[in-house]
Amino acid sequence: MYDILDKINCPADVKQLSFDELKRLAEEVRHFMIDTVSLTGGHLASSLGVVELTLAIYQAFDLPQDKIVWDVGHQTYAHKILTGRKEQFHTLRQYGGLSGFPKAEESEYDVFNTGHSSTSISAALGLCEARNLSGEGHYVAAVIGDGALTGGMAYEALNDAGPIKKNFIVILNDNEMSISKNVGGISTYLTKIRSKPGYYKMKARMERILLGIPGIGRPILGALKKLKDNFRHLLTSTTIFEDLGFTYFGPIDGHDMKLLRYVLESAKRIQGPVLVHVLTKKGKGYRFAEESPAEYHGINRFDIESGMPKSSSQTENYSLAFGKELVSLAEEVPSLCAISAAMPIGTGLSDFAEKYPERFFDAGIAEQHAVTFAAGLSKGGYTPVFAVYSSFLQRAYDQLLHDVCLQNLHIVFCVDRAGIVGEDGETHQGVYDISFLSAMPNMTVLAPANFTELGQMLRYAATEHQGPIAIRYPRGSKQAVTENAPEFKLGVPHLAANGKDACILAAGTMLKQALEAKELLENEGLDIAVLNLRTLSPLDEETVRGLAETYPLLVSLEDGVRRGGVGEAVASILTRTNQTAKLLIKAHENPVVPHGAPALLYEKCRLDARSVADDILKKLRG
Ligand SMILES: Cc1ncc(C[n+]2csc(CCOP(=O)(O)OP(=O)(O)O)c2C)c(N)n1
């Protein structure tokens, strides 16, 4: 039972509260959020950091008429709790429950769906120009973190927004953290601004005072801003944002709701783009999250008292197995470099970064830059390994094609979180990489079924292969270990189990489901062969032809979308070579995979062993 929170169903309710009540509400929201996320897991630290900012936004703006776009959207738990979703909040990130990110389908207060970083300013600017075109009068704001501000799209949008004449607000939520400590020149620059708060506050105050003078204040401010460079700098030192055409307010304390509201109200009065620089503490209000914000960025279920995770954290997973192998390879291969896009911990690169700091590069949340940067390293004679989550590699489609594949550069892409990732939902499921990578010239795509194969593939990719090569592996530790499996060899699949009635062509860790399906079908009197493809693209035409001649039914099984995937590649070989073998394609039929526990999602997508077995049975027996 919460005194104030229980009475809040929408932002308009927040508007009625006194500052005293607002403070109590902030406490209650934090309490409720920590309680619930300790049971569901989720992005806690980022959401704790913006409770006051969320409340101040509700006070200063009129939602849902005014439009607020949250970058990445992982920090919107307070927003969800306060916009009529408190009672469902315990379903967070579960199948059929609330999404962990903004979802327009979920609430009229979620303006724009997000999940990937650095899109908010572009989206908000589009909403702003739509408003201008239709002559409406509402306000539009983007809330973007300092981490997300390392993504190139944010600069494209800032550049585009500079000259606009109507009100447009960007709120920069600066907590000095991306998932880990933020990196790069912009981060250093923001630190510099932070170190002179008095100076910039004074400037903001001066602007506010001028704006408050009826009639003449605004023209004076305008005139001051128009003064040419040198002279203007004498009067008012500028930030990069002002140089881009924004009015800058800040930096201000992002936990001081009175000040926040005041500044946001002032920002609304300005014609043209405004940037409000807000300083917040990631994890605010929960000691463990404040002390270790990276650990509490995305956390599994935990004990509130001790801050300890409830489920024992995995000692082995694909990211760690990859990281370990890379460190040992780095000793032998002096040209080996590792690249991360702001995710050294998640991708298993922490040890490499510590051991070989001069060969480790964190590009920030800038996958597209990271890919072309890798191309440069490769041209310069080095062997870059870019470890990146499958869904974030999507960002770099053209860089992969234009800068890497067309030049046939030797770069190793370690595509982590490939296939279903689970609770983070549709924006994060790694189900498109087989399709988009396979379509690229010169690109080779591999998929290990266990840690040993991952190690062998990585070694091959780094030391023997020429040209671009991707190794895709899933989140977690699911493995299919088969007896006497031979060493990995490019283009050569491994027959993991004999059979005669059909052959399952399994991609990567789907080998586990394939072997389980084989067992289930044995009860039906069927004898199914299982092939571990290992090399997904290009598929060896001779091999597929041979399989089609041997088995009455081929079954492709992959954790990726059907269109452009392994199954369709098999189908195209069969058509080209006039094979009559029947083919059953098992892939994601629906290319949008929602959030939920992975095991349940495999079932829903009919990619669990039982469904695979049932579908084979149906195909064979009609
Ligand atoms: C394109 C892309 N790459 C990587 C990520 C993973 N990611 C989620 S949040 C985050 C850090 C965001 O930092 P910031 O914007 O400062 O927000 P904070 O969590 O600090 O509030 C990262 C790297 C992502 N969501 N999108």
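Predicted model only: the values in this text are computed from it and were never measured. (Residues numbered from 1 in each chain as written. Predicted model: local features only at pLDDT ≥ 70, side-chain atom pairs only at ≥ 80, totals over all residues. Heavy atoms only, no water.)

Caption draft 1: A look at the overall build of the protein chain. In terms of helices and strands, the protein chain carries 26 helices and 17 strands. Against the compact-globule benchmark of 25 Å for 622 residues, the protein chain has a radius of gyration of 27 Å, which places it among compact chains. With the principal axes as the frame, the protein chain shows a C-alpha extent of 85 × 60 × 50 Å. Every one of the 622 residues in the protein chain was classed for burial, and the buried ones make up 59%. For the protein chain, the share of sequence-separated contacts (at least 6 apart) that also reach a separation of at least 24 residues comes to 76%. For the protein chain, the exposed surface amounts to about 25,100 Å²; the carbon and sulfur share of it is 53%. (Helix = DSSP H or I, 4+ residues; strand = E, 2+ residues; numbered from the N terminus. Rg over C-alpha atoms; globule rule 2.2 N^0.38 Å. Buried < 20%, exposed > 50% of the residue type's maximum accessible area, 1.4 Å probe, protein only. Contact = heavy atoms within 4.5 Å. Areas by Shrake-Rupley, 256 points an atom, 1.4 Å probe, with all protein chains shown as cover.)

Caption draft 2: Fine view of the site of the ligand. Around the ligand sit 22 residues in total, of which Ser-46, His-74, Gly-147, Met-177 and Glu-367 are the nearest. In the environment of the ligand, an oxygen atom lies 2.9 Å from a nitrogen or oxygen atom belonging to the backbone of Ala-148. The side chain of Lys-282 places a nitrogen or oxygen atom 2.9 Å from an oxygen atom of the ligand. Contact with the protein chains removes 97% of the 580 Å² of surface that the ligand exposes when unbound. A breakdown of the residues in the shell around the ligand according to their chemical character gives seven nonpolar, eleven polar and four charged. (Near = heavy atom within 4 Å. Polar contact = N/O pair within 3.5 Å; in protein donor to acceptor, adjacent residues only side chain to side chain. Nonpolar A, V, L, I, M, F, W, Y, C, P; charged D, E, K, R; others polar.)

Caption draft 3: Summary view of the packing of aromatic side chains. Under the definition given, this model contains 18 aromatic pairs. Relative to Tyr-356, the ring of Phe-352 lies with its centre 5.3 Å away and its plane at 45 degrees, an arrangement referred to as tilted. Its relative accessible area of 10% is what places Tyr-356 among the buried residues. Centroid distance Tyr-397 to Phe-436: 6.0 Å. Interplanar angle 55 degrees. Geometry classified as tilted. Residue Tyr-397 is found in helix α19 (residues 397-405), and its partner Phe-436 is found in helix α20 (residues 433-438); the two are separated by 39 residues along the sequence. Residue classification places Tyr-397 among the partly exposed positions, given a relative accessible area of 39%. (Phe/Tyr/Trp six-rings, centres within 6.5 Å; stacked < 30°, edge-to-face > 60°.)

Caption draft 4: Quick peek at helix α17 (residues 367-379). With 13 residues, α17 extends 18 Å between its outermost C-alpha atoms, agreeing within 8% with the 18 Å of an ideal straight helix rising 1.5 Å per residue. All of the buried residues in α17 are Glu-367, Gln-368, Ala-370, Val-371, Ala-374, Ala-375, Leu-377 and Ser-378. Positive phi appears at Gly-381, one or two residues downstream of α17, with a value of about 100 degrees. (Expected span 1.5 Å × (residues − 1).)

Caption draft 5: Looking closely at unusual backbone geometry. Of note, the bond from Gly-250 into Pro-251 is cis; its omega dihedral lies within 30 degrees of zero at -10 degrees. Tracing the sequence through the fold places Pro-251 in strand β4 (residues 247-253). Looking along the chain, the bond that leaves Ser-537 and enters Pro-538 is cis, with omega of -5 degrees. Counting through the fold element by element, Pro-538 comes out in the loop between β15 (535-537) and α23 (541-550). In this structure, Ser-118 takes a positive phi of about 75 degrees despite not being glycine.

Caption draft 6: The domain arrangement of the protein chain, seen in detail. Here the domain parsing of the protein chain yields domain 1 (5-291), domain 2 (318-472) and domain 3 (494-621). Measuring from the centre of the C-alpha atoms in domain 2 to the corresponding centre in domain 3 gives 26 Å. In total, about 2,000 Å² of surface goes out of reach between domain 2 and domain 3, with carbon and sulfur atoms giving 59% of it. By the criterion of area lost to domain 3, the three top residues of domain 2 are Ile-420, Val-431 and Ile-434, representing 28% of everything that side buries. Along the contact surface separating domain 2 from domain 3 lie one salt bridge. For the pair domain 2 and domain 3, the interface holds 15 residue pairs in polar contact (both at pLDDT 80 or more). The class makeup of the residues in the side of domain 2 that touches domain 3 is 13 nonpolar, eight polar and five charged. (Domains from an automatic or database assignment. Buried area = accessible area lost by both parts, 1.4 Å probe. Salt bridge = Lys/Arg side-chain N within 4 Å of Asp/Glu carboxyl O.)

Caption draft 7: The confidence of the model for the protein chain, seen in detail. Here the protein chain averages 94 in pLDDT, while 93% of its residues score no lower than 70. Overall, residues 227-235 carries pLDDT values under 50, and its contacts beyond four positions in sequence, including any with other chains, amount to eight contacts. (pLDDT = per-residue confidence, 0-100.)

Caption draft 8: Region of interest: the packing of helix α4 (residues 51-60) against helix α5 (residues 77-85). Put simply, α4 and α5 touch, their axes get as near as 9 Å, and they point 45 degrees apart. On the basis of their axis angle, the class for α4 and α5 is oblique. Considering how the two elements wind past one another, α4 and α5 form a crossing that is right-handed. Across from Val-51, Thr-54, Leu-55 and Tyr-58 in α4, the residues of α5 making contact are Ala-78, His-79, Leu-82 and Thr-83. A class-by-class count of the residues in the contact of α4 with α5 yields five nonpolar, three polar and no charged. (Axes fitted to C-alpha atoms, helices over the stretch in contact; angles between N-to-C directions. Parallel < 35°, antiparallel > 145°, perpendicular 65-115°, else oblique. Left-handed = near helix turned anticlockwise from the far one by under 90°.)

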